[in-house]
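Observations on chain architecture
Spelled out from the first residue to the last, the chains are:
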Amino acid sequence: MFQQKHLLDLESLSAEEITEILDTADSFRQVLERPIPKVPVLRAKTIANLFFEPSTRTRISFELAEKRLSADVVNFSASGSSVQKGETLRDTADNILAMKVDMIVMRHPDSGAARYLAQRVSASVINAGDGMHAHPTQALLDLLTLRQRLGDLQGRKVTIVGDIAHSRVARSNIWGLTKLGAEVTVCGPAPMIPADIETLGCQVEFDFGSAIGDADAVNVLRIQLERQKHQIFPGNREYARAFRLDREMLRRTPEHCIIMHPGPMNRDVEISTEVADGPRQVILDQVTNGVAVRMAVLYLVSGGVRETLGENLE
Amino acid sequence: MSSLLIFAGLRILDPHRGLDGEGYLVCEEGRILACELGPLPQEYCDHERARYVEAKGAALAPAFRDLRVHFREPGYEDRETIESGCAAAAAGGYSDVWVMPNSRPCADSAAAIRFVLDRARESGLCRVHPVGAITKGLEGREMVEFGDLVDAGAVGFSDDLRWVQDGGLMRHCMEYAAMLGTVVISHPEDPTLSREGVMHEGAWSTRLGLAAIPAAAEVSACARDIELARLTGVHLHVPHVSCRETVELIRSAKAQGLGVTADITPHHLDFVDADCRDYDTCFKAKPPLRSTFDQEALVEGLVDGTLDAIACDHAPHTPTDKERTFPHAPFGVIGLETSFAAAHDRLVCRGPLSPLQLVELMSTRPAAIMEQEGGRLEAGATADLVLLDLEESWVPQSSTLRSRGRNCPWLGRSLQGRVIATYVGGRCTFDLRREPQPLF
Amino acid sequence: MVFREKAQILDADDMRRAVIRIAHEILERNHGIDRVALVGIQRRGVTLAREVQDAIEEIESRKVPLGILDITFYRDDLSTLGPAPRVGQTDLPFDLNDTVVVLVDDVLFTGRTARAALNELMDFGRARAIQLAVLVDRGHRELPIRADYVGKNVPTSKKEVIKVMVEDFDGIRRVALGEIEEGA
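Parameters at a glance
- Residues numbered from 1 in each chain as written.
- Chains lettered and ligands numbered in written order.
- Predicted model: local features only at pLDDT ≥ 70, side-chain atom pairs only at ≥ 80, totals over all residues.
- Helix = DSSP H or I, 4+ residues; strand = E, 2+ residues; numbered from the N terminus.
- Rg over C-alpha atoms; globule rule 2.2 N^0.38 Å.
- Buried ≥ 20, exposed ≤ 12 C-beta atoms within 10 Å, placed from the backbone.
- Contact = placed C-beta atoms within 7 Å.
- Domains from an automatic or database assignment.
- Core = buried A, V, L, I, M, F, W, Y, C linked by C-beta atoms within 7 Å.
- Right-handed = clockwise from strand over helix to strand, strands pointing away.
- Pairing = 2+ DSSP bridges.
- Nonpolar A, V, L, I, M, F, W, Y, C, P; charged D, E, K, R; others polar.
- pLDDT = per-residue confidence, 0-100.
- Axes fitted to C-alpha atoms, helices over the stretch in contact; angles between N-to-C directions.
- Parallel < 35°, antiparallel > 145°, perpendicular 65-115°, else oblique.
- Left-handed = near helix turned anticlockwise from the far one by under 90°.
- Expected span 1.5 Å × (residues − 1).
- Arc of directions from axis to C-beta.

**Topic: the overall build of chain A**
- Regarding its fold elements, chain A presents 12 helices and 9 strands.
- Taking 20 Å as the expected radius of gyration for a compact globule of 314 residues, we find that chain A reaches 20 Å, a close match to that expectation.
- Dimensions of chain A, computed from the C-alpha atoms along their principal axes, are close to 55 × 50 × 35 Å.
- For chain A, buried positions account for 51% of its 314 residues.
- Within chain A, residue pairs in contact and separated by at least 24 positions form 77% of the contacts whose partners lie at least 6 positions apart.

**Looking at the overall build of chain B**
- Assigned secondary structure in chain B consists of 13 helices and 18 strands.
- Computed over its C-alpha atoms, the radius of gyration of chain B comes to 21 Å, within 12% of the 22 Å expected for a compact globule of 440 residues.
- In terms of overall dimensions, chain B has a C-alpha envelope of 65 × 50 × 40 Å along the principal axes.
- When the 440 residues of chain B are sorted by exposure, 58% land in the buried category.
- Contacts in chain B between residues at least 24 apart in sequence constitute 74% of all its contacts with a sequence separation of at least 6.

**With respect to the domain arrangement of chain B**
Residues and elements named next belong to chain B.
- Domains assigned within chain B are domain 1 (4-60 + 381-434) and domain 2 (63-369).
- The C-alpha centroid of domain 2 is placed 27 Å from the C-alpha centroid of domain 1.
- On the domain 2 side, the residues contacting the 30 residues of domain 1 number 42 residues.
- For the side of domain 1 that touches domain 2, the secondary structure elements donating two or more residues are β16 (385-394), β17 (415-424) and β18 (427-431).

**Observations concerning the nonpolar core**
- Counting residues in each nonpolar core, the largest one holds 290 residues, and the members touching the most others are Ile104 of chain A together with Leu60 of chain B.
- Considering each element in turn, this core owes the most residues, 10 residues, to helix α12 (residues 283-302) of chain A.
- Here this core gathers at least three residues from each of two domains, domain 1 (4-60 + 381-434) and domain 2 (63-369) of chain B.

**Concerning the pairing of strand β5 (residues 157-161) of chain A**
Residue and element names in this part refer to chain A.
- Summarising burial for β5: 5 of the 5 residues are buried, a large majority.
- Across the two faces of β5 the burial is the same, with Lys157, Thr159 and Val161 and Val158 and Ile160 all buried.
- Between the parallel elements β5 and strand β6 (residues 183-187), the chain passes through helix α7 (residues 168-179) in a crossover that is right-handed.
- Sheet topology note: the β5/strand β8 (residues 217-220) ladder contains 4 bridges and is parallel. Within β8, the residue paired with Val158 across the bridge is Ala217.

**Some thoughts on the environment of Phe326 of chain B**
- In this fold, Phe326 of chain B is placed in the loop between α11 (319-322) and α12 (339-349).
- Accessibility expressed as a C-beta count within 10 Å gives 24 for Phe326 of chain B, which makes it buried.
- Put simply, Phe326 of chain B and Asp160 of chain B are 166 residues apart on the chain and 22 Å apart in space, counted from C-alpha to C-alpha.
- Phe326 of chain B has contacts with Asp110, Ser111 and Gly112 of chain A together with Val198, Leu210, Tyr279, Thr281 and Lys284 of chain B, leaving out every residue within four places of it along the chain.

**A word on the interface of chain B and chain A**
- Each partner contributes residues to the interface: chain B has 19 residues there, and chain A has 22 residues.
- When residues of the side of chain B that touches chain A are assigned to their parent elements, the largest contribution, 5 residues, is made by helix α6 (residues 203-208) of chain B.
- When grouped by side-chain class, the residues that make up the side of chain B that touches chain A number 7 nonpolar, 6 polar and 6 charged.

**What about the confidence of the model for chain B?**
- Across chain B, the average pLDDT comes to 96, with 99% of residues at 70 or higher.
- In the model output, the complex is listed with pTM 0.91 alongside ipTM 0.93.

**Focus: the arrangement of the chains**
- No other pair of the 2 pairs of chains in contact has as many contacts as chains A and C.
- A gap remains between chain B and chain C, which never touch, and the nearest two C-alpha atoms on either side lie 26 Å apart.

**Some words on the sheet that holds strand β2 (residues 36-41) of chain C**
Residues and elements named next belong to chain C.
- Strands sit in the order β3-β2-β4-β5-β6 across an open sheet of 5 strands; the sheet is parallel. Two strands in the sheet have a free side with no partner beyond their single neighbour: β3 (66-69) and β6 (149-153). Put simply, the sheet's adjacent strands are angled 25° from each other on average, direction ignored.
- As judged from the 5 bridges shared by β2 and strand β4 (residues 100-108), these two strands associate in the parallel manner. Residue pairing for β4: Ala37 is matched across the bridge by Val101.

**Re the sheet that holds strand β1 (residues 46-51) of chain A**
Residue and element names in this part refer to chain A.
- Judged by pairing direction, the sheet is parallel, and its 4 strands sit side by side in the order β2-β1-β3-β4 without closing on themselves. For this open sheet the edge positions go to β2 (72-77) and β4 (124-130), each flanked by a neighbour on one side alone. Taken over all neighbouring pairs, the strand axes of this sheet differ in orientation by 15° on average, direction set aside.
- When strand β3 (residues 103-108) meets β4, the two strands line up parallel, connected through 5 bridges. The residue bridging His108 from the neighbouring strand is Asp130, located in β4.
- Relative to the sheet, α12 contacts β3 and β4, its axis offset from that of β4 by approximately 150°.

**Details of the environment of Cys106 of chain B**
All names here are of chain B.
- Along the chain, Cys106 turns up in the loop between β7 (94-99) and α2 (110-123).
- By C-beta crowding, Cys106 is classed as buried, having 23 other C-beta atoms within 10 Å.
- Taking the C-alpha atoms as reference, Cys106 lies 10 Å from Asp160; in sequence the two are 54 residues apart.
- If near-sequence neighbours (up to four positions away) are discounted, Cys106 is found in contact with Pro101, Ala133, Gly137 and Leu138.

**Observations regarding the packing of helix α1 (residues 15-33) of chain A against helix α6 (residues 136-150) of chain A**
Residue and element names in this part refer to chain A.
- Close contact between α1 and α6 brings their axes to 10 Å; oriented N to C, the two are set at 70°. Relative to α6, the element α1 is oriented roughly perpendicular. As for the relative orientation of α1 and α6, their crossing is right-handed in sense. Contact residues: Ile18, Ile21, Leu22 and Ala25 in α1; Leu140, Leu143, Leu144 and Arg147 in α6.
- Per-class residue counts for the contact of α1 with α6 are 7 nonpolar, no polar and 1 charged.

**So, the environment of Thr135 of chain B**
Residues and elements named next belong to chain B.
- By secondary structure assignment, the location of Thr135 is in the loop between β8 (127-130) and α3 (146-152).
- Assessed through the 21 C-beta atoms surrounding it within 10 Å, Thr135 is described here as buried.
- The spatial distance from the C-alpha of Thr135 to the C-alpha of Ala379 is 41 Å, given a sequence separation of 244 residues.

**What about α2 of chain B?**
Residues and elements named next belong to chain B.
- Taking 1.5 Å as the rise per residue, α2 with 14 residues should run 20 Å; its terminal C-alpha atoms sit 20 Å apart, in good agreement.
- Residues Ala112, Ile113, Val116 and Ala120 constitute the buried set of α2. Buried positions in α2, seen along its axis, are confined to an arc of 105° and lie on one side of it. Facing away from the buried side of α2, by more than 90 degrees, are the exposed residues Ala111, Asp118, Arg121 and Glu122.

**Quick notes on the confidence of the model for chain A**
- Residues at a pLDDT of 70 or more form 92% of chain A, whose mean pLDDT is 91.
- Predicted confidence is poor over residues 304-314 of chain A, with pLDDT under 50, and the contacts of this stretch with residues over four places away or in other chains come to 27 contacts.

**Structural notes on helix α10 (residues 292-303) of chain B**
Residues and elements named next belong to chain B.
- With 12 residues, α10 extends 17 Å between its outermost C-alpha atoms, agreeing within 8% with the 16 Å of an ideal straight helix rising 1.5 Å per residue.
- Burial in α10 covers these residues: Asp294, Gln295, Ala297, Leu298, Gly301 and Leu302. Down the axis, α10 shows its buried residues gathered within 160° of arc, on one side only. Relative to its buried face, α10 has exposed residues pointing more than 90 degrees away, namely Thr292, Phe293 and Glu296.
- Gly305 sits one or two residues past α10 and shows a positive phi near 90°.

Right, here's the structure in full:
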C-alpha cells in the first residue's frame, strides 16, 4: 500500500510503490476515456501549483489532472529573478501554511527545493522538477509509456541521450528504470555526462550508434541551451552531427525500439523532424500518460498514512 | 605579594616537552612558575597565597590557537562581532585567534587593522591577531600597503576565500611578504574551475543534482602557490586542505624544504560529501566536504605531520542566510565552541591520535606557524591554559552557543571531550562550572 | 485486527436459495429481462452479480448483460479511511441509457457505497431506473437509501460486522456475524 506523504524523487520509492503508481495510472487512463472524464476523488481539497520556473507542459498537465480529480486549484507563478531577490522559499512555505492548502505541486530552479518545502509545511508536496535533481512525474509517465509498449521492464534496455549532467529528467528516469529492472545507458558528449554517473546504476557510452544498437527504447533529451551559463559543447551543428536521432541513426536501432522525448523538442537539433513525427515515436502518448500519472500521484499521496479496514465494513 | 594559581593531581599534556601524565602546574602573575609530572611539591601544599583549582580527572593543556576565524566586524555584525567571537573562542579553549580580513570594509588598511585590535582589547577574552588583505578590497588587482599593515599589527596576509588569480601579482605580493617576514595564507581555489559549484564533485553531487567543485580547483591552485613560494621564498600557509592530492603536494613541498605549512578543519575530518544528502546547508562549506577517500588522506596527513594544525575556519552566518536553499545558502561552518570536542571525538576516540598529539595540532604547532611563543606548559611561559574533560560526552545545543552563528553541524550530536575552563595569561576567561545551564 | 465470529447467518445452501429468490423477484418486478442489466460492485458484489446472472439464465435461458463498478474514486471517506485504496476495474459493456440497472452488493449498511455507486453510474449515462440488490441488509442507514431486493435482513449492533464469504475470494460460501478485535 502506498504510504508516502510526498513525492519528492523516485530514489526514495520502492519498486512496489512505483508499480502501484503505474497501476493506479492505468485506472485513471480508463477514467479519462469515460463520457465524463472526471471523478470526485479530491473534492474539497485545495492544491497550490507553485511554479518558480517557466513551464507550460508540466503545469498544464498537473492542472488538468487536478481538475479531473475535482480538486480546487490555485496557481502561482514567479520568474527566476524575483524568486531570488524577493521572498525566500521559507516565507512562501509560511504563506502556504496560512492558506491551509492540502497539496503543493512545485517546480523550482534549485535542487533540493521540494525537500526543503516538505520539511517545512504540513501539506503534501509533489515535486514538479527541482533544479537538476529530480522530475519524478516525468519519469513515471515515461515508465508508464514504456510499460504500455514493452510490458514488463525487467531486462529491457533504455538509452537516454543528451545533456545528462543538467537533466533532472535523466536522473529520475535512471532511478525509476533501474528500480524496475531495466538496463540504462546514458549517452552524450563528455561534458554532458556528470561525474560518477555509473554509481546510479547505469552505463556510459559516448558513441551514439553503439548506445542505441540494442535499445528497446531511446529517450531523447532536449538540449537545454538556456541552462548553460558556460559553454559545454561546441554548438548545435556539431551536436547534431554526432548525437541527433535521425533516420540514419534510427536504422541502427532494433525495429521494435520506441522513441521518446520529454519535450519541448528542438527539432533538427537532438531529433530530426522526420523521426519526431515518425511511426516509432510515442511522444504524444507520453503527454496523455502524463495526465493519468499525475492523477495517480495526487490520488495516492492524498491518502496520507492511515489504517485499512475490512472490505465489507463500508 | 601576588597570589598563586595551582592545579594539582590532573593530567598534564605538554606537547612541547612531550609530557603526558599526572602532575601539577603553578602560575604566578600570569606566568607559569612550575609545571612537572608527579605530586605537588610540599612547598605549594596549603600555601597561604594559593588558590587551588579543583578538577579531579581533568587534563590541563596549553590553550588552543586558531589560525583562521571570521569575526565579521565591521560590516556583518548580525553574523558575529569581535566580542561575541571572542566569547565563543574562550568557550572553545582558545587563547589566540587569527581573524580573516573579509569584513566590510575589509582589512586592507592600517586603520582597519587597528580597529580590530581595539575592539578585541575591549572584549578582553581572547587575543586577536588580524590578518591583512593581500589586495585592496580583496579584488585581486592592487597590492595593499604591506608595510603599513604590518606596523599596525597585521600578522599575515590573505585574501580569504578569494584566490589571487593573477599569478604575476601574487608573485610580487609574496615577495613583499617574504621581505617583511610575514606569512601568506592562500585559499587554493581556481574560480574558473569551481564556478557556481556548491559541493564536492563526485557521485553525490551527481545524485543530488548540485553544481560541483572538482578537486582539481583546489589542487591546481595549490600547485601554483607552492611554485610561487619556491620562487619567492615566502612562508606559504595553505588553509583547510580538503583533497588527497593537495596533501600529496604539501608532503612533497615539505620534502623539498619549502616554507609551506597547512591546516585542516574538524568538519572536513568528521564529515564528507554524502552528509549533504538532505540538502542541509550546515554542510555547505568552502572548500566543500570531500569524499571518504580524501578524508582518509587528510587523517594520514595529520599523522605523518604533512598537515601542521587544526583550524576551525569559524564562519558564522545568520540563521536566515543559512535558511536559503542549498544552492543559494552561503558557505561556512562555525566551530570555535565545538572544535576540540569534534576533533577529540574523531581523531582520538575514533582515530589514531593521542590527546597529546591533538593538543600539539591545536596549540603548539599553530603557535609555531605564526612564530609566536605559546603552546607550551613550561616554567616561564605565559599561563595560557585549557582545562579539559576527556571522558565527558555531551551534546552541543544551539541555545548555549556564544557565537551569533548557528551554522554548526555538530548541534544535536553527541561528542566525547569537553572544554571545562580557559585561562589567558593566568586569568580565567571561561569556566563551564559557572555557566548558566541550559533549561533542557 | 481479527474477526471473531459469533454466529453463522447463512450457509452455502441458504445463499443459493437467496440468490435464486432475488433472480425471481427481479424478473417479476421488471416483467422479464428486456433492457435489464446487472452491475456488481467490486469486489464481492461482482461475484454475487454473476450468481444472479446464472440464476436468471437458468430461468429464462438467456443471459442478462453484466457490468462491474469500482466505486473507489467516488467514495466520500477517502481522507479518513486508510491508505488510498487499491483501484479496481470499472467495466460497463452495455449502453446505460434506457436500461434498468440492478446494482448488486454483498452488504447494505450505511448506504454510502450505494450512494457512491449511484453517482458513478450517473456519470456514465442516464439509466431508465436503478435498483439495488443486496445479500444482507444489516440496518444502520446514514442516507435515505433502501434495497429493492434483500437476501436476508439481519439486525446488528453498530460495532458488529457481517462477513460475506464467496468462493472467488474466500474459498467458501457462507455469511457470518462477528466483531473485529484490535491487535493479535
